[in-house]
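# Breakdown of the fold
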Amino acid sequence: MRGPLRSTDAGATWQLAQAGLDRLYCQTVVVEANGRVLLGTEKGLFASTDEARSWHRLKFPEASVLRLAASAADARLLVAGTEGHGAWVSRDDARTWSQVAGVPAQANVYAAAADPRDARRLAVGGWGMGVRLSDDAGATWREVTRGLPTANVFALAFDPDRPGRIWAGVFERGIFYSDDAGATWVADGLEGAYVFDLVFAPATR
């Protein structure tokens, strides 16, 4: 297993980026506005401050981190989903973390998202738990799965171009969106697909 790779020439070539990692399986990476890189591994959360040349462990449970999202509206706010250990929130730039009380503590949380326009809005989703939304930076959560074909959610994203819209990738049932905070959902294609992630590219003019 190769672990993370890094490129310094826009993806033309790639180099191994393993220094400081004791286990190489990783599933989520976030590059913050300040240049720090966060990496979710099967043994917790690691960070790099030298462009992924080396890594150091952050204070986080020794659990497999399946998804990590950083808020563009509040640089201190992050939300993480884990395998078998529920969801976690940090409000101090990943220095400390607290487990989300509104999500089952043993849940497999495959999806996590932060609204780029509103630091109060976070979302997590997972296998059998559907979608949970927070409107107060993770202090409280509510389930908004009703209207989705199953409660198996693998991807979530807030739409940066449509205020209030959230997208969900549902296992083998395609993608859905909601414009009313999860009260209703609209199917938008890819029926039968396993949508692993949702990423928005800047519009070109």
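One structure accompanies this document, and this report is about it. Just so it is clear, the model here is predicted, and its values are computed rather than measured.

Calculation criteria
- Throughout this document, residue positions are counted from 1 along each chain, in the order its sequence is written.
- Residues qualify for local features only when their pLDDT is at least 70, as the model is predicted, and side-chain atom pairs are given and counted only at 80 or more; totals for whole chains, interfaces and linings, by contrast, use all residues.
- Values reported for side chains reflect all heavy atoms of the structure, with hydrogen atoms and water molecules removed beforehand.
- Put simply, a salt bridge is a Lys or Arg side-chain nitrogen that is within 4 Å of an Asp or Glu carboxyl oxygen.
- Helical segments are the DSSP runs of H or I of at least four residues, strand segments are the runs of E of at least two, and each set is numbered from the N terminus.
- Exposure is judged per residue with a 1.4 Å probe applied to protein chains only, and the accessible area is read against the type maximum: over 50% gives exposed, under 20% gives buried, and values in between give partly exposed.
- The rule is short: rings of Phe, Tyr and Trp, with Trp giving its six-membered ring, pair when the centres are within 6.5 Å, and they are stacked under 30 degrees, edge-to-face over 60, tilted in between.
- Charge-over-ring contacts are defined here by two conditions on Lys NZ or Arg CZ: a distance within 6 Å of the ring centre and an angle within 35 degrees of the ring normal.
- The criterion for strand pairing is that DSSP finds at least two bridges linking the strands in question.

### What about the pattern of salt bridges?
- For the structure shown, the criterion picks out 16 salt bridges.
- The salt bridge involving Arg23 is made with Glu42; its shortest N-O contact spans 3.3 Å. Here Arg23 is found in the loop between strand 2 (15-16) and strand 3 (26-31), whereas its partner Glu42 is found in the loop between strand 4 (37-41) and strand 5 (44-48), with 19 residues between them in sequence.
- The exposure class of Arg23 is partly exposed, given its relative accessible area of 37%.
- Of the charged contacts, one joins Asp115 and Arg121 as a salt bridge, the two residues approaching to 3.2 Å between their closest N and O atoms.
- Given a relative accessible area of 10%, Arg121 falls into the buried group.

### A few points about the packing of aromatic side chains
- Applying the stated criterion across every chain, the model contains 10 aromatic pairs.
- For the ring pair Phe154 and Tyr194, a centre distance of 4.8 Å and an interplane angle of 75 degrees mean the geometry is edge-to-face. Of this pair, Phe154 sits in strand 15 (residues 153-158) while Tyr194 sits in the segment after strand 18 (186-187); the two residues are 40 residues apart in sequence, bridging distant segments of the chain.
- The class for Tyr194 is partly exposed, based on a relative accessible area of 44%.
- Three or more aromatic residues link up through ring pairs in this structure, and these residues are Tyr110, Trp127, Phe154, Phe171, Tyr194 and Phe196.
- Taking NZ or CZ as reference, Arg67 lies 4.8 Å from the ring centre of Phe196, over its face.
- Across the ring face of Tyr177, the terminal group of Arg165 is positioned such that the distance to the ring centre comes to 3.9 Å.

### Let's talk about the sheet that holds strand 17 (residues 174-178)
- Pairing within the open sheet is antiparallel, and its four strands lie in the order 15-16-17-18. Of all the strands in the sheet, just strand 15 and strand 18 have a single pairing partner and so form its edges.
- Bridge count for strand 17 against strand 18 is two bridges, and the pairing is antiparallel. Considered in strand 18, the bridge of Phe176 is made with Ala187.

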